[in-house]
Structures are given as C-alpha cells and as structure tokens.
Amino acid sequence: MALLEVKDLCKTYIVDKRQNNVLRNVNFQVEKGEMVAVMGPSGSGKSTLLYTVSGMDRATSGSVLFAGRDIVKMSEKELTEMRLDEMGFVFQQMLMLKNLSVMDNIALPAIESRRHKGTRQEKYEEVRTLMRKLGIIDVAENDINEVSGGQLQRACICRSLINRPEILFADEPTGALNRASSEEVLEVLTKLNSEGTTVMMVTHDVKVAAACSRVLYILDGNIRGEYVRPGNADGTQEQKIRSLNNWLLELGW
Amino acid sequence: MFFRFLKNDLRKKKAMNVILLVIVIMASMFMASGLNNVMTVMNGTDHFFDLAGLGDYIVFSQGEEAKDSLRSQLDQTEAVKGYRMEESLLTAPDIIRAADGTKLETKNASVIQSVDRLKSGLFDMDNRRITEVEKGHAYISGAFIEKNGFQPGDTVLFCYEKMSFPLILSGKMKDALFGSDLMGNSRIVLNEEDYRTILSNTSLQKHTGQIFNIDTDDVRAVELALSEAEGMVFNESRATIRMTCVMDLILAIVTLILSVCLTVVSFVMLRFCITFHIMEEYREIGVMKAIGIGSRRIRNLYLAKYAVLALAGALVGFACSIPFGKLLMHSVSGNMVLENDYGIRFHAFGSSLIVLATVWFAWICTGRVKKASPLDAVRSGQTGERFEKKRGCRLGKSHLGSIGYLAVNDILSSPRRYLSMLITFCICTLLVLILENTTATMNSDRLINTFVTKSDLYLSDYSTLVNSMSASDAGFEQQLEQIEQKLKDAGLEAKACVELQYKYPVTFKGNQYKISFMQGLGVDMEDYKVSRGSLPQQENEILLTPQISEMTGAKIGDTVTVHFPSGDMDCMVSGYFQSMCLLGKVAHFHTDAPTDPAHISSALAFQLRFTDHEKNTDLEEDVLEERKERVKKLFGTDKVMTAAEYCRDCVAVCDTLEAVKYLLLGITFVVIFLVTSLMERTFISDERAQIALLKAMGFKEGRIVLWHVLRLAIVGFAAAVLAAALSGPVTKLCISPLFAMMGADKVTFLIRPWKIFAFYPLCILVFTMLAGLLQALYTVKIRSRDTANIE
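Residues numbered from 1 in each chain as written. Chains lettered and ligands numbered in written order. Predicted model: local features only at pLDDT ≥ 70, side-chain atom pairs only at ≥ 80, totals over all residues.

Draft legend 1. Representation of the overall build of chain B in the model. Within chain B, the regular secondary structure consists of 25 helices and 20 strands. When its C-alpha atoms are laid out on the principal axes, chain B stretches across 100 × 60 × 55 Å. Contacts in chain B between residues at least 24 apart in sequence constitute 84% of all its contacts with a sequence separation of at least 6. (Helix = DSSP H or I, 4+ residues; strand = E, 2+ residues; numbered from the N terminus. Contact = placed C-beta atoms within 7 Å.)

See below:
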C-alpha cells in the first residue's frame, strides 16, 4: 500500500467571486521510502498541492489517503495531531520561533507531542543526536539569528524529523539558500531518504529534483508528466541532471 | 508622494493603524479630561466659595440683641472691609418630617431661610443659582435628601408645635456653608410667603438668627474683635469652612489621582505603540533607503503619517474627553459647583499635548533611520554582526510544558514589550487597592479614638441629646443614669458615658484664642489615647491636637490660661492627641476640669460599655449585634451603632468613597480591556508567522490561544501581585495626608488580606484573561497554510 495516495484531488479558490481552480483532478501515489519532487512553473499549483496533501490546506474534493486514512475527511484536530506526530514540514522561508535557541526550536515539537515518549532529557539527547547527524551541533545554543541560512534550514529539517515522521514535506527547501548551503541541505535530504525517510518536495532547482527518485511535473493544476529516474541511472550527477532537463524541456519547461 | 504614501499605508495596514488611532484617542481623552479635572480640583473650593459669596469670616448669631451688638462691633472693627447679613431661623433638626409625621435622619440644627432674603449663592444640581422657590416648595442642602431616600418632588412636612404644612422638595442644593456632612446642618430655603407663615408663630420668633459673611484681610483681628461678642452660636474662618469640604475634596483628589494615572497610562501605551509600530516599518524603511530615498525624506513620511493619525485621534479624544471628564467630576461634585474659568480650553490643551507627544515619540523612534544602513533597517535594526542574545530561559532546563515555556520565554525575551502592560495594570489596580484600604479603614473602628473612646455601642439620638442639653449638665448626668438603669432593668449591665464639647477663650504668650474643648462625662481618663506625652493627671492639665499646638504655639510642658466663667485657670499641656472632631481643631480637658454646663456647645453620642466583659476586649460580633437590636427597641431609636458604624457615620464620606471605588474598578476594567485587546492584537499581528508555523508544526488551536492568554495572565498576575505588595505603603503615602487634613495624623490602615491579595488581584486577572481570550481567539483565523504567504 502506498504511503500517500492522491485521488481526483481538486482545490478551488474563490477570488473576487471568481472561481480559480488551482488543482484539477490530481492523481498520484508516493510509496514509502520514495523521494519525490514536484516541479512546475510559478502559479502551476505545486505549493498548493504540497499544502493540500500535507493537511495544511483543505481540498475542495477528492481524497488524500495517508497511511490508509483519508485526510480530507479528518477533523482539524486530527489533522493537527497528524502534522505533529506523523509528518514533517520544511519551509522555504526557514521559519523558526524567534525567541528560542536553535536547539529549543528543534525540541519544541517533541515536548509538545504525547506520542513521542521519554523524559525531557531523553528527548534533548535525541535532538543532540539529530543535530550532530546534520552537522549543526555547534550552533545548538545559538539564537536563530546567529546562524547561517544553510544551518538554519538544516535546523528546520531537524525540527521536522524530531518526532520521527512517516513523511517529510519540503516546500522549496533550497529556494532561499546560496549554492553551498543548497548542496548541504540536498545532501542531508538525500541521506535521510537513503536511511528510509519518505520525502516529497516542491522545487524549481533541477539539480535538487535530479536527486529524487521520481519527479512530478505539474501545469495548470494537473500532473502533466512523471519522470522516474531510470533504474540504471547510476551515472554522474551531470548525467542525471541532463536527463531530467531533457524531459522537462519536452514538457515545455 | 506624501499623500499617496499616507493613503496606501492607512489602507493596507488597517489593523495596526486602527490600534494606534484608538490609543491616541484614549490618550487624548484621558489627558484632556485629566488636565481639566486637575485645574478644577486645585481651585475647586475657592472657586465655589467665591461663587457662593462666602465671607472670609462667618458668624451665626441668635436673637435680635446679638444682631445689633454684632453689627455695631463689626462697624467699629477696622479690619472688616464689609459684611453681608442674612436672616434665618435656627431650629431643631426634626422640624422637617416625613409626610406621615415620622422623624427623619438629621444631625444638627436646621437653618430656615427665605429665598428673597438670601445673600449667599446657592445652586441647584445643574449648577444654576437658585433665585426663586415656588410656594409650598423647598430646597434643602446637605445629605438630608440622600440619607432619607427622598427624590425631588417628594413631600415632607414642616412641623412645629401645632403648626404643620406640607412642602414639596424641589431638590438638593449645593451650599458652600452647610453643604458638607461635617457641618451637619441642613439649610432649608423656602418661598417668602411660606417663610412669613413660619415667622408668624410667636414661639418660633425666638429662634431667629443671622448669618454674617464678613470680608476681611485680617481674620485674626476680626476673631479677636468678636471674641467677647454675645449670642454667637458659630464663628469660623473661611479656611475652617474649607476644611469642612475636606470630604468632597478627598473625592476630588481621588479623581485627580485617577486622572493623573490615566494620563500616565496613556503615555506609556502611546510610547509602546509607536515604538512597536516603527519596528514593524523597519523593513520598508530599509527598502526605501536601498532605492536611494534620503533619511530625512523617509523620516518626514513617517512623521507626517503619525501627525495625521495623532490629529485625527486627538480630535475624537477631545470630543470624548468632555463627557468623560464630566462623568468623573459628577461623582465628586454633589455638594460643590466644581468648574474652572478655562472651559474647554484645557481639554483642547490636553489634546494638543497628545498630538505633540505622538509626533515627538515618532521623532525619537524614527531617529534610528538616519543612522541605520539599508541592510540594518531590513534586518529590523540589527547590524548582522553584533546580534543581541535573547535573555529568555532554556526549554531543556525548564520544568514547564511547551505552552507554559513559550509564554514565560516570550516575556523574559522581550520584557520591555510587556513592561508597558505591567505598568498600566499595576497603576490601575493600585488605585483600586488604595481606595479599598481607605474605605476598609473608614468602615472599621480603627478611627474610633479620633472621635471618642472605644465603647461597645453608641447611641446618637439627637432628640435625646437635645433634651439633655436643655436640662444642662445635670441633665446629661441624669440621662446617663437613666440609660444605665433602663439597661439594667432590661438585664443589660452597662456603663454609659458621653463626650461634651465646650468653647473657651484661651491665652498663650499674650495671644487669645477661642478653642473648642472636649471633656468626657462618665469616661475614665485612662481610656483616652495620646500620640505624644502623657494623659492629664490633674484637673489643670490638658491635651492638645498638633493642629491646636501649631495654631497657638503651645507645646508639651507649656502652660496656657483657660478663661472659665468661674475664673482663669493655668493649665499645663501634658500631651498631644489626634482628633477628627472639628478637623482636629480641638483640645481635651481632664474629666475633673471645672467646666460650665452653660458653655456646652455640642455633645457626641452616648456610649454604652457592657460590664460583663473586660474593658479592653471586644464582645463577640453576634452577641453585640443582638444587644444592639435590644438597645434599639429599648430606646425606640434606630440610631444605635457599633464602634465601626459610628466611625462610618462620623466620617460620612464612606458611601461616596465606596461608589468612587466601584467607578474606579469599572474604569480599571475598561482600561485593562482596552489595553489588553490592543496589545494582544498588536502581538498577533507581529507573530502571525510564528502562529502559522506552530499550527503547521502540529500545535492545536486551543494550545495557541492558551499560549497567548497565558502570557497576558502572567503579566496580569505580576501586575496584581506588585500592586498588592505596593498597596500598603502607597496607601499610607497618598491617603495619610488626607486623614491628616481631617485631624488624624497617625492612622493604622486596615488591610483586608483576602481582598487585597486575593479578591481584587483575581478580578484583575480574570478580566485580563477574558479580554486576552477574546482577542486571542483571532489566532484561529490564522491557518497553517499562511506560512506560504510569509515573507
């Protein structure tokens, strides 16, 4: 069974009494352990898709089955609990609570969660382990405005992983970062995926998308194409990027 | 460009601009009404006395002979610049009765006058001078109408011997001379025809008297010139009459303090709001600097914006300040015409000050624009190299849950942001607590020794006292014996006593003064309390109040000469005592001093002390209450009081002060509601991104509301605790001078811990949380999806 199964998903906004169909009968699946990228031009509906399938926004119709449960039918309370314990979300803007240190920001969801068992000390030990793994242990006690963009985005990834979610959603995780920081973040995401974390992200960056096992191309609210990295694609990074680029060009990217 | 910027800013940042506008309106309203009230109160009594035409020295006399003698004396005294004489009738207080003939609650003698013979200015409740009274109608001053629960239009009965006719109450009047409760008299103003009808009763004619309003620059000379004059019932300076208005003045001063506090609150709020506002604008300032707009131009843009907001707010605040100021003054001006000569000019001045303050605050806050680089501005004033460390606590070391931690950490990280709120709440709560301590003290028996000695019950039936007085001092002694006997027959063993007042000339170092003395009849000397020195041991030793000591210059150990009718007596001052009788202008004789019953000027309540318990112990409350009811039935009067009730009766201002306390509590709630609402909305606007993030992270809506309410609750609680801790010393600091004005220099305030440390703090806390909750519910509108729209 797929971890995430999206069927006939529609999302409509009413702006000035005008109906704007942002998502139109979207269908796709994400298997456990996959790393999926959603690409498309600006305004194509990719962020709306990510927010809708992660339960942060309500679908107008259709269904989104997450681990067999339809999140479209879930109450706000159930959705909130699910976001806390089963999903992680990384934002492009590297949003953090400004009055908390980097480590406290990461630990906060763990302290809030009832499903995450253990004492506060144990949870903090997990935070430290995770920070060490993502290479930001040195800035644990720093305020959020004392660290670089790359470190901050890695801290955001740590926060989204602290409750050991089933899936990690990321909305343009490298969008606000320089090249070096983007590479750091990509490396972290790839490593996490190789360790079994399911990742679904929205990106404009072909290099980032090329690291994913599958790419969905969305245009005008519809999935227009699906790129699956070839099984023998053990070639160089450049080859992967070129291959994906060609596919995207075919779709009018 | 200015206009377009303003238009867009006002339209796009509606919420924040509306918050600032409301703050300016509040500040302008409080400031304008506060300033006006301060001016009104500062000159309150003098303005009223001038309007009423009150002289510098006032004399009541009784009898035609006294009138002629006083007039000739005044004509001969050089210091007298002029005088106005009004005819009146000085009658027993029960001359006005209820429509069914039953006696009403009155204190001292009633003064009856015809409206046509008035020389004083008397005013109705709308501050209009009373120039005519319809036939069959009457205006009455003092607390008579309120105490007896009358309304204008009700009918009372004029009763004297066989003469009786109804009078319709036209209303209460504001009277400079008899208006205060401390004077205790009621002035009744009638139509000339009704007055003549009363005068036609020959036995009433002997009660005719005169009120002299004497104008002079040398009160002391007039006092000396009249010291030997016969037939004077009352003679006091304008300064002393002013002191009788002290109760009204206390209320006015409370209003003044309230006005000052509200002004401080509005300034604190204004400063917070503008600082916060400009911090919010920093990113925009950075963008403008980055595209090359000069600092001065940017600064002018913001100053123009704040000037427009300040002008609009001040204008609305100015309009609101007039009814608001009147509401505040109305609660204290029941007995006085409290106005000033400046009209709305002070309101306008107050509002203008707020415009200036707003622009000034904006000028200071935009000062950083000049120094900051575009990048600094974009980073909200941070340079990027020397970031300040937040001083919050660490979650790992905290034992609080995540929401509790977030709330505490926010406060510790940005204490200045919450300081304005803390100061505001603390000031408002403190005001309520000060009044609570004051009214609690006035309603207790703490002040009893400043009037009389402590007893179990006090019987203040005026008619019984008057009967005793007409029977001379022996009458009082007989009355005491009769009271004791009556109680004994009813199975109540008690000792009765009474405090009598006399007025005797006193000479010290060649200067002569006419001083009121008190002397106990049936009282043990050891029951009195001295504040310094010792109790008189012999008949030629006296006690003085600090006020009398200051007036005469006599100190402990000095000898003054008291001119008794039986002969002069040198009396040594053995000590000081404090007294609220005659506002402290009183001395005390030894119980054996050779006083003359003919010189009794007044008597206080009969005191009953039950002998079945130790003198220095109190009877149990229910036993005392049961005995009080029995004594009431036994003497057929309702005027039987416990020590606390008697104090309350003497101080007379308690009810009004209680009313002001509740008004203040109401204002406090309104201020707390406004401040909490405005600040919470400001916080929500600032923390939109964080709220959305928490929701995206999986924090439930209820938890986010709780986070916001908890922060406000912590500040509310801290303010309440701080106010409770400060209430004791601040009450002493603020209210002791007011008690000192009334004659009590050293007052031990009664602090009711459950009210100060539990009830009121809880009220403030609940109200803060309620106001916070109402606004925090707005966070529900922020969705986790909004994280996508955050810059």
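Draft legend 2. Representation of the overall build of chain A. Per the secondary structure count, chain A includes 8 helices and 10 strands. Taking 253 residues into account, the globule formula puts the C-alpha radius of gyration at 18 Å, and chain A, at 18 Å, falls close to it. Counting across all 253 residues of chain A, residues that qualify as buried make up 50%. (Rg over C-alpha atoms; globule rule 2.2 N^0.38 Å. Buried ≥ 20, exposed ≤ 12 C-beta atoms within 10 Å, placed from the backbone.)

Draft legend 3. Local environment of the domain arrangement of chain A. Residue and element names in this part refer to chain A. When cut into domains, chain A gives domain 1 (1–83 + 165–177 + 198–253) and domain 2 (87–164). Each of domain 1 and domain 2 was reduced to a C-alpha centroid, and the two centroids are 25 Å apart. Contact residues are listed per partner, giving 15 residues for domain 1 and 15 residues for domain 2. Elements supplying a minimum of two residues to the side of domain 1 that touches domain 2: helix 2 (76–85) and strand 7 (167–171). (Domains from an automatic or database assignment.)

Draft legend 4. Spotlight on the sheet that holds strand 1 (residues 4–15) of chain A. Residues and elements named next belong to chain A. Ordered in space as 2-1-4-5, the 4 strands form an open sheet in which the pairing is antiparallel. Each having just a single partner strand, strand 2 (18–30) and strand 5 (69–70) make up the two edges of the open sheet. Where strand 4 (residues 61–66) and strand 5 come together, 2 bridges link them in antiparallel fashion. In the sheet register, leucine 65 faces strand 5, and the bridge partner there is aspartate 70. (Pairing = 2+ DSSP bridges.)

Draft legend 5. Quick look at the interface of chain A and chain B. Between chain A and chain B, the residue contacts involve 29 residues of the former and 25 residues of the latter. Residue assignment for the side of chain A that touches chain B shows that the elements contributing at least two residues are helix 1 (46–53), helix 2, helix 3 (102–112) and helix 4 (120–133) of chain A. Here the residues of the side of chain A that touches chain B sort into 13 nonpolar, 6 polar and 10 charged. (Nonpolar A, V, L, I, M, F, W, Y, C, P; charged D, E, K, R; others polar.)

Draft legend 6. Structural context of the sheet that holds strand 9 (residues 214–219) of chain A. All names here are of chain A. If you walk across this open sheet you meet the 6 strands as 6-7-8-3-9-10, and the pairing is mixed. The sheet terminates laterally at strand 6 (87–90) and strand 10 (222–228), the two strands that pair on one side only. Taking the axes of each pair of neighbouring strands and ignoring which way they run, one obtains an average angle of 20° across the sheet. Across 6 bridges, the pairing between strand 9 and strand 10 is antiparallel. Bridge pairing links valine 215 to tyrosine 227 in strand 10. (Axes fitted to C-alpha atoms, helices over the stretch in contact; angles between N-to-C directions.)

Draft legend 7. Region of the structure containing the environment of serine 113 of chain A. All names here are of chain A. The topology assignment puts serine 113 in the loop between helix 3 and helix 4. With 19 C-beta atoms counted inside 10 Å, the residue serine 113 sits in the partly exposed group. Between the alpha carbons of serine 113 and asparagine 163 there is a distance of 7.7 Å; along the sequence they are 50 residues apart.

Draft legend 8. Up close: unusual backbone geometry. Residues and elements named next belong to chain A. Positioned with a positive phi, aspartate 8 is a non-glycine residue whose angle comes to about 45°. Within the secondary structure layout, aspartate 8 lies in strand 1. Take aspartate 8: there are 13 C-beta atoms within 10 Å of it, and that puts it in the partly exposed class. Unlike most non-glycine residues, glutamate 172 shows phi in positive territory, near 45°. Assignment of secondary structure puts glutamate 172 in the loop between strand 7 and helix 6 (179–194).

Draft legend 9. Representation of the pairing of strand 9 of chain A in the model. Residues and elements named next belong to chain A. With 4 bridges joining them, strand 3 (residues 35–39) and strand 9 adopt parallel strand pairing. Following the sheet pairing, valine 38 is matched in strand 9 by leucine 216. Counting the residues in the hairpin turn of strand 9 and strand 10 gives 2 residues, including aspartate 220, whose phi is positive at 50°.

Draft legend 10. Main features of the pairing of strand 4 of chain A. All names here are of chain A. Summarising the sheet, strand 1 and strand 4 pair through 5 bridges and their orientation is antiparallel. Bridged to cysteine 10 within strand 4 is serine 61. In textbook terms, the turn of a hairpin is the stretch between consecutive antiparallel strands, and for strand 4 and strand 5 this stretch comprises 2 residues, one of which, alanine 67, has a positive phi near 50°.

Draft legend 11. Broad picture of the confidence of the model for chain B. All names here are of chain B. When the pLDDT values of chain B are averaged, the result is 82; 92% of them are 70 or greater. Counting contacts from residues 382–387, a segment whose pLDDT is below 50, to residues more than four positions away or on other chains yields 9 contacts. Scored below 50 in pLDDT, residues 469–473 shows 7 contacts in the model against residues more than four places distant or in partner chains. The ipTM for the predicted assembly is 0.82, set against a pTM of 0.72. (pLDDT = per-residue confidence, 0-100.)

Draft legend 12. Broad picture of the packing of helix 16 (residues 415–442) of chain B against helix 25 (residues 753–776) of chain B. Residue and element names in this part refer to chain B. Taken N-terminus to C-terminus, the directions of helix 16 and helix 25 make an angle of 140°; their axes are 11 Å apart at the nearest point. Crossing of helix 16 against helix 25: the hand is right-handed. For the pair helix 16 and helix 25, the contacting residues are Phe425, Thr429, Val432, Leu433 and Glu436 in the first and Lys755, Ile756, Tyr760, Ile764 and Thr768 in the second. Residue composition of the contact of helix 16 with helix 25, by class: 6 nonpolar, 2 polar and 2 charged. (Left-handed = near helix turned anticlockwise from the far one by under 90°.)

Draft legend 13. Inspection of the environment of arginine 97 of chain B at higher detail. All names here are of chain B. Among the secondary structure elements, arginine 97 is positioned in strand 3 (residues 96–98). Separated by 509 residues in sequence, arginine 97 and phenylalanine 606 have C-alpha atoms that sit 24 Å apart. Not counting residues up to four positions away in its chain, the partners in contact with arginine 97 are Thr102, Lys103, Leu104, Val156, Leu157 and Cys159.

Draft legend 14. Fine view of the nonpolar core. Counting 305 residues, the largest nonpolar core has Ala107 of chain A together with Ile23, Val24, Val189 and Leu431 of chain B as its most contacted members. For this core, the element with the highest residue contribution is helix 10 (residues 246–290) of chain B, accounting for 16 residues. Residues in contact with leucine 431 of chain B, not counting those within four places in the same chain, are Ile257, Leu258, Cys261, Leu664 and Thr668 of chain B. (Core = buried A, V, L, I, M, F, W, Y, C linked by C-beta atoms within 7 Å.)

Draft legend 15. Representation of the packing of helix 22 (residues 654–686) of chain B against helix 25 of chain B in the model. Residues and elements named next belong to chain B. For the pair helix 22 and helix 25, interaxial distance at closest approach is 9 Å and the crossing angle is 35°. The hand of the helix 22/helix 25 crossing is right-handed. Note on element contacts: helix 25 touches helix 22 through Ile764, Phe767, Thr768, Ala771, Gly772, Gln775 and Ala776, opposite Phe669, Ile672, Phe673, Thr676, Ser677, Glu680 and Arg681. Across the contact of helix 22 with helix 25, the residue classes tally to 7 nonpolar, 5 polar and 2 charged.

Draft legend 16. Expanded view of the environment of alanine 2 of chain A. Residues and elements named next belong to chain A. On the secondary structure map, alanine 2 appears in the segment before strand 1. In this structure alanine 2 comes out as partly exposed when scored by C-beta crowding, with 15 C-beta atoms within 10 Å. Separated by 63 residues in sequence, alanine 2 and leucine 65 place their C-alpha atoms 8.7 Å apart. With sequence-adjacent residues up to four places away left out, alanine 2 is seen in contact with Gln29, Val30 and Glu31.

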